Structures are given as structure tokens and as C-alpha cells.
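Each chain, letter by letter, is given below.
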Amino acid sequence: MKIIRILFFAVFSTLPLTAQTIMINGLPRDTSYTLQSSYQKEVKRFPFIRIAEAKGSHEMNVYPDIVYKTVGDTKYGDRELRLSVYRPADEHDYPVVMMIHGGGWNSGSPDMQEVLAIHLSRKGFATVTVEYRLSPEQLYPAAVDDLNDAVSWISRNAEEYGFDAGKIAVSGCSAGGQLAALIGTKNRDNLIKAVINIDGISTFIERETVDRAEKAKNAGDKMPADALWLDGAYSEKPEVWKDASAIYWVGTHSAPVCFINSSIARFHNGRDEYIRRLDSLGIYSEKHTFEDTPHTFWLFHPWHLSAVNLMANFLWKLFDEPAVIDRSHYDIVVAQDGTGDFRTVQEAVNAVPDFRKWPTRIFIRNGIYREKIIIPDTKQYLTLVGEDKYRTILSYNNYASKKSPFGDEIGTSGSASMYVCPDLFKAENITFENAAGPVGQAVAIIVRSDRARFHNCRFLGFQDTLYTHKAFSRQYYSNCYIQGTVDFIFGASTAWFEECEIVCKGNGYVTAASTPRNTPFGYVFRKCRITGEQAHSFHLGRPWRPYAHVAFIECELGNTIKPEGWNNWNNEKNESTARFVEYGNRGEGAATQARVKWSHQLTDTEVQNYSKEKVLGSDFWE
């Protein structure tokens, strides 16, 4: 089935980008809206964007092209409508999200939701991409009937596919968002428990929309896509326009809604009034807007992963039960639902007295906290503890080439999602993330603290994930997960990594140390595991500065590590100053025969100098 999908995309990517309806497999298809057409349109204004991609893995089960409905005796014969299921590869039942593609009700395909579906599934959901009849084939309300029937299929087949039938959500993008809102607001069978509307309108009855259709009708021009789908202008079909507008169907049966919007106002039509009506009934909603974005932002980095985070966070709020905690262990609790002392991490940090002489412990409840967090050096002895390292996520999506308000680039250091500056900082059970994706340097966290400790944390990003920023500072990372592409662990600090999982994405370099001259230690990796997506695709490190020092000791090095091991950053002079050493490693990437001659294999005597006490100092644990 994967081959079929690849061929399908290849055919569409070569078609002209102008709107046209052609016959494909006996059905009329408008080919104007594809991933490539969207990219070619938006890259002119946003040259930094990258198409979001996702790969399946052994940790996910995919059930493609399942027939959920057959419409008999159409002008095109018996019409089979299909959906595909993505879910974690285990035996648990998961909340399920039916995902509806956009395309102006006349174009697009379920494959355009596949990347969103895969990434959302990795957050602990089953996802379903669904086909429905578009306007070249059948006008409103056929699509609505199809999607309601798909929800019913999900409910009926919950046991077979491991869905939690009591936790069904629908999401959609653009026209798909309008459809998700409509079926979730009407909620025909009361099966839908949540709606995610990504830049879809909530009403068709808005002056600009109505006037555009009326003008085209009166001039004899081609009708806009919405009026085509609704089979006429508002003056001709007022009852249909109203029936298709979710805002008019808000009631006690309506599901909670999350709006995720671009900065283009016309795609917010009806949103604020829709929210007011939900509020009057005590039905939860939330809205998020990405500033300076194209309409189809969810297809592209640097916004795609943040959109996935907002989707997951909304669903966790609705579907998860918060754990009971012992408040006596913490000075401050952060919770997005208002049950703690503060709703944001930055507010909690700000509340800690400057230069407090006693340790302060902050507990952060599960949630994806989309905020840029700065912890100044006046907040010493601070500890952050997350509820669950997979679901307590501190994330933002800045990137180095992003323009500041003054027109210059914010740069690598300015791109960080979080800045940690105070000495004696600790963090446990937290994910630190830069969600910009592969758009160049984009730092998840800058750590400037001396005697900083991170335990059971995750660091997610692409290029330049973890920046150990300050020379002569000492940092300790235990049982952590660190992921990235190029130079994703880098900086001038002395840092000890113990029993960490280092995951290499694509091609690149694990480390880029800038150890100061005459500093005895840079990075020491002890009993860590290094894996990756491709064989022979990564160097263990390269020297960002001439005196870089990196040691891998008793680590498991997968075949992702190149046989030569190390790189001189295109400067032979670095070979006489950089100190890249190894000892007792194992795995396919640990073979030393082809290592660069200027790296060093430690002897049994030399490795005795690489103890935590010697590397970090005897005062580190005081």
C-alpha cells in the first residue's frame, strides 16, 4: 500500500497547478489542491518553510484503505469510500481522532492528512484519515453524510482497532475544519467528544462571502468553491447556507472545540461568536493563532509540530484524568486548567523570590506549554518536576533565521525555547522541545547554569537541540533522551551524560563542542546508547572550537556512526588541538579500525581520569 501512495503522489505532483477536473479511476477529481501546489504558492512569501514529513515505524500499526461505506447506484457506479487507521503498535485502547482533509470542498485527498495523523498518533492517539465525496462528484450535504457515517464506523469497529469509543474526536483543516466543526456541533449520534478546527470557517453567512458569490452569479462568472458546493448563492439557497454553518447549531449536544488558526482573518469567520455561544452553555473551547503564517501552515515547518502539540494538548485536557499529587513536596504547582497556582511556567518562575536562600520546587502538571521561558540567574536552587516526561512538554518554535521586530535575524542563541541561567538548577520528568522542525538552527534549551542536573528528561529538536552554553559551567544529564540532526549537543560547558539515549535523525554530527583551551574536560558520554535512522550517517562529533573535547566511554554505538568516527570541520589544524577519545564502546559503530588517526583510544590507565568526581568536581554534589 505504501507503494500505491508514492505513485499517487508522483502523478499529482506532475499535474498543472491550475484548477481542473479530470477523471481518475472513473471519478471526477479537481487536481488544484496538492501538497506541492501549496508549497509552490507559499514558498514565494515564506522562503524558509519546509514540507513536513513523517515516516512510519515498527512502533506504529497502519491499516490502509478500509472501506467504511458503499454508496450504491451512483452515476459512477457503486462508490466505495475508504479510510486509513494509524495507531501505536500495542494492545491499549486509544482515543481516536478522525482527520478531515481540506481543499475547498472540491479538491484534496486523505493523504494530505497522513503526516498530521502519524505525528498525532505518536502522542498517544489512534488517528483515521477519511475520504468523502467532493463537489465534482456530489454537492452538499453528501460530504457531511459520509463523515457522519465514518464516525459511526469508528464507533462500531472500536474493539477491532483498539479505539476508545467514548473518546472520539474529529479534526479538519480548512474546508475540513469547517466540516469537523459542523458534524461535531450537530453531533448527530452524540458520538463526537471533541472538535479541532484548523483554519476552517464557522459560518458561510458573512458579508464578504455572500457578496463574492452574488457578484459572480450576477456577472455570470464561475462561482466560488463554497457557493458551488452549496449549489447556489445565498440569495438562491439561504436555508442550505445556514444548514452548513456550524455556528447556527451550537447546543447542549455540541462537542468542545479547539480553534488553531493562521493569521488570515477570513478563515476565522464566525469563530468568536461560535465561542460565545459555547461559553453560554458552559462548553469548553480554546483558540490559538500563529502570527504571520500562510493559510496552510499545518503542512509546513516551522508550524507543523506546534500545531500537532496544540491538538494533543487539547485532547489530553479533555480525555486524561489528572494524577493526585502531594502538594507538601512542592512550593508551586503549574496547571493549564487553573487547578494550580499558575497556568504558565514563566509565571511560576517569576513568582520565585530573587536570590532566595532556600530551594524552590515547582511541579508542572501534564500539558504542552507553548511558551518561551527564561529563568534568570537570580532564581538559584530551583527545581522543576514534570508529572510525566512524555506529557509535560515545554515547547516553542523559534528558529535562527526568524526576523526580530527590528528586521535582523534572531540567531542561534535567540532561537531557544528555554533559557536556564541559575546555578544549582534541577529538572526531572520534562520534555524540552524546539518544534520549528528542520529549518536550520533551532535550539530547544540553552543551559548556562553551573552544577545543573537533568534527570529523566527529553530534549527534542533538529539542528542545535541542546546548547550547553556557558564556558566552565558543569552539567549532569542522567537517563535522558536527546534527539537531533546537526550538532545537536553543542557548546562550551563541561557536561556528563550517563545512560542517556542519543537519537540521530537524518545525517549530521552528534556533538559540536567548543571546550575552552586548558579546560580539562568537555563532554563525557558514559554508558549511553546512540542510534539513528540511517547507517553510516553521523559523526560522533566535530570541533566547533579548536580545543573541543569529547569522550565516549562504554557506550553502545549503532551502525548510524560512520567508521571514521570524527570530523575536523574542514580544518586540519583542529586535528592537533581537538581531543576526541573513546574507550570500551560496543556495537556496529564502535569498530576502531577505520577511526581517524588523530582521535584516541584511551588505555585502562587513562580512563581512570574519567570519573564523575574528576570531570564535574568534588563540590558538584554538595
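Scoring rules and cut-offs
- Residues numbered from 1 in each chain as written.
- Predicted model: local features only at pLDDT ≥ 70, side-chain atom pairs only at ≥ 80, totals over all residues.
- Heavy atoms only, no water.
- Salt bridge = Lys/Arg side-chain N within 4 Å of Asp/Glu carboxyl O.
- Helix = DSSP H or I, 4+ residues; strand = E, 2+ residues; numbered from the N terminus.
- Buried < 20%, exposed > 50% of the residue type's maximum accessible area, 1.4 Å probe, protein only.
- Core = buried A, V, L, I, M, F, W, Y, C linked by side-chain atoms within 4.5 Å.
- Contact = heavy atoms within 4.5 Å.
- Arc of directions from axis to C-beta.
- pLDDT = per-residue confidence, 0-100.
- Pairing = 2+ DSSP bridges.
- Axes fitted to C-alpha atoms, helices over the stretch in contact; angles between N-to-C directions.
- Phe/Tyr/Trp six-rings, centres within 6.5 Å; stacked < 30°, edge-to-face > 60°.
- Left-handed = near helix turned anticlockwise from the far one by under 90°.
- Nonpolar A, V, L, I, M, F, W, Y, C, P; charged D, E, K, R; others polar.
- Polar contact = N/O pair within 3.5 Å; in protein donor to acceptor, adjacent residues only side chain to side chain.

Observations concerning the pattern of salt bridges
A side chain of one charge can pair with a side chain of the opposite charge if their charged atoms are brought near each other. All told, the structure shown has 36 salt bridges when counted by the stated rule. Between Arg-586 and Glu-556 there is a salt bridge, with the nearest N and O atoms lying 3.9 Å from each other. In this pair, Arg-586 sits in the loop between strand S35 (579–583) and strand S36 (600–601) while Glu-556 sits in strand S34 (residues 556–557), placing the two residues 30 residues apart along the sequence. With a relative accessible area of 47%, Arg-586 lands in the partly exposed category. Of the residues examined, Glu-556 reaches a relative accessible area of 31% and is grouped as partly exposed. Two residues, Arg-595 and Glu-582, come together in a salt bridge whose shortest N-O distance is 2.7 Å. Taken together, the residues span a long stretch of sequence, with Arg-595 in the loop between S35 and S36 and Glu-582 in strand S35 at a distance of 13 residues. In terms of burial, Arg-595 and Glu-582 fall into one category: buried.

Things to note about the nonpolar core
Of all hydrophobic cores here, the largest spans 60 residues; its most connected members are Met-98, Ile-100, Phe-163, Leu-179, Ile-183 and Tyr-274. When residues in this core are grouped by element, the largest group, 7 residues, is from helix H4 (residues 142–156). Apart from residues lying up to four places away in sequence, Ile-100 is in contact with Gln-113, Val-130, Tyr-132, Leu-147, Ser-171, Gly-172, Cys-173, Gly-176, Leu-179, Ala-180 and Ile-183. By size, the runner-up hydrophobic cluster in this structure holds 57 residues, among which are Cys-504, Tyr-523, Ala-578 and Trp-598.

Describing helix H2 (residues 35–42)
Those residues of H2 not exposed but buried are Ser-37, Ser-38 and Glu-42. Looking down the long axis of H2, one finds its buried residues gathered within 120 degrees of arc, a one-sided arrangement. In this fold, the buried residues of H2 make contact with strand S12 (300–301).

A word on the confidence of the model for the chain
Summing up the model confidence of the chain, the mean pLDDT is 95 and the portion of residues at 70 or higher is 97%. Note on residues 1–19: pLDDT under 50 across the span, and 25 contacts to partners over four residues away in sequence or across chains.

Some words on the sheet that holds strand S5 (residues 77–88)
One open sheet accounts for 8 strands, arranged S4-S5-S7-S6-S8-S9-S10-S11; its pairing is mixed. Looking along the sheet, the strands with just one partner apiece sit at the ends: strand S4 (60–74) and strand S11 (285–289). Across the sheet, the mean angle separating the axes of adjacent strands is 20 degrees when strand polarity is ignored. Of the pairings in the sheet, the one linking S4 to S5 comprises 10 bridges and is antiparallel in character. Looking at the pairing, Val-67 lines up with Arg-82 of S5. Sheet contacts for helix H3 (residues 114–121): S4, S5, strand S6 (94–100), strand S7 (126–130) and strand S8 (163–173); angle to S5, the most-contacted strand, approximately 35 degrees. The sheet contacts of helix H11 (residues 304–319) involve S6, S8, strand S9 (192–198), strand S10 (257–261) and S11, and relative to S9 the element is tilted by about 160 degrees.

Focus on the sheet that holds strand S14 (residues 360–364)
Ordered in space as S13-S14-S17-S20-S23-S26-S28-S30-S33-S35-S36, the 11 strands form an open sheet in which the pairing is parallel. At either margin of the open sheet sits one strand with a lone partner, and together these are strand S13 (332–334) and S36. Sheet topology note: the S14/strand S17 (residues 382–386) ladder contains 5 bridges and is parallel. Within the sheet, the bridge partner assigned to Arg-361 lies in S17 and is Thr-383.

Structural notes on helix H10 (residues 271–280)
Arg-271, Tyr-274, Ile-275 and Leu-278 are the residues of H10 that are buried. Buried residues of H10, seen end-on, are gathered within an arc of 100 degrees and therefore sit on one face of the element. Along its buried surface, H10 packs onto helix H6 (175–186), S10 and S11. With its phi angle positive at about 70 degrees, Gly-282 sits one or two positions after the end of H10.

Concerning the packing of aromatic side chains
For the structure on display, the rule yields 40 aromatic pairs. Taking the centre distance of 5.9 Å and the plane angle of 80 degrees together, the rings of Phe-432 and Phe-454 count as edge-to-face. In this pair, Phe-432 is assigned in strand S21 (residues 431–434) and Phe-454 in strand S23 (residues 452–455), connecting sequence segments 22 residues apart. The class of Phe-432 is buried, set by a relative accessible area of 0%. For Phe-454, a relative accessible area of 1% translates into the label buried. Ring geometry for Phe-488 versus Phe-538: centroids 6.2 Å apart, planes at 80 degrees, classification edge-to-face.

Some points on the packing of H4 against H6
Here H4 crosses H6 at 65 degrees, and the two axes come no closer than 10 Å. In this structure, the crossing between H4 and H6 has a hand that is right-handed. For the pair H4 and H6, the contacting residues are Ala-143, Val-144, Leu-147, Asn-148 and Val-151 in the first and Leu-179, Leu-182 and Ile-183 in the second. Here the contact of H4 with H6 is built from residues that sort into 7 nonpolar, 1 polar and no charged.

Comments concerning the side chain of Ser-84
Looking at the secondary structure, you find Ser-84 in strand S5. The exposure class assigned to Ser-84 is buried, which follows from its relative accessible area of 3%. Within the structure, the side chain of Ser-84 is placed 3.0 Å from the backbone nitrogen of Asp-65, a separation counted as a polar contact.

Points about the pairing of strand S18 (residues 392–396)
Burial of S18 is extensive: 5 of the 5 residues sit out of reach of the surface. Burial along S18 is two-sided: the residues Thr-392, Leu-394 and Tyr-396 and Ile-393 and Ser-395 are all buried. As judged from the 4 bridges shared by strand S15 (residues 367–370) and S18, these two strands associate in the parallel manner. Bridging across to S18, Ile-368 finds its partner in Ile-393.

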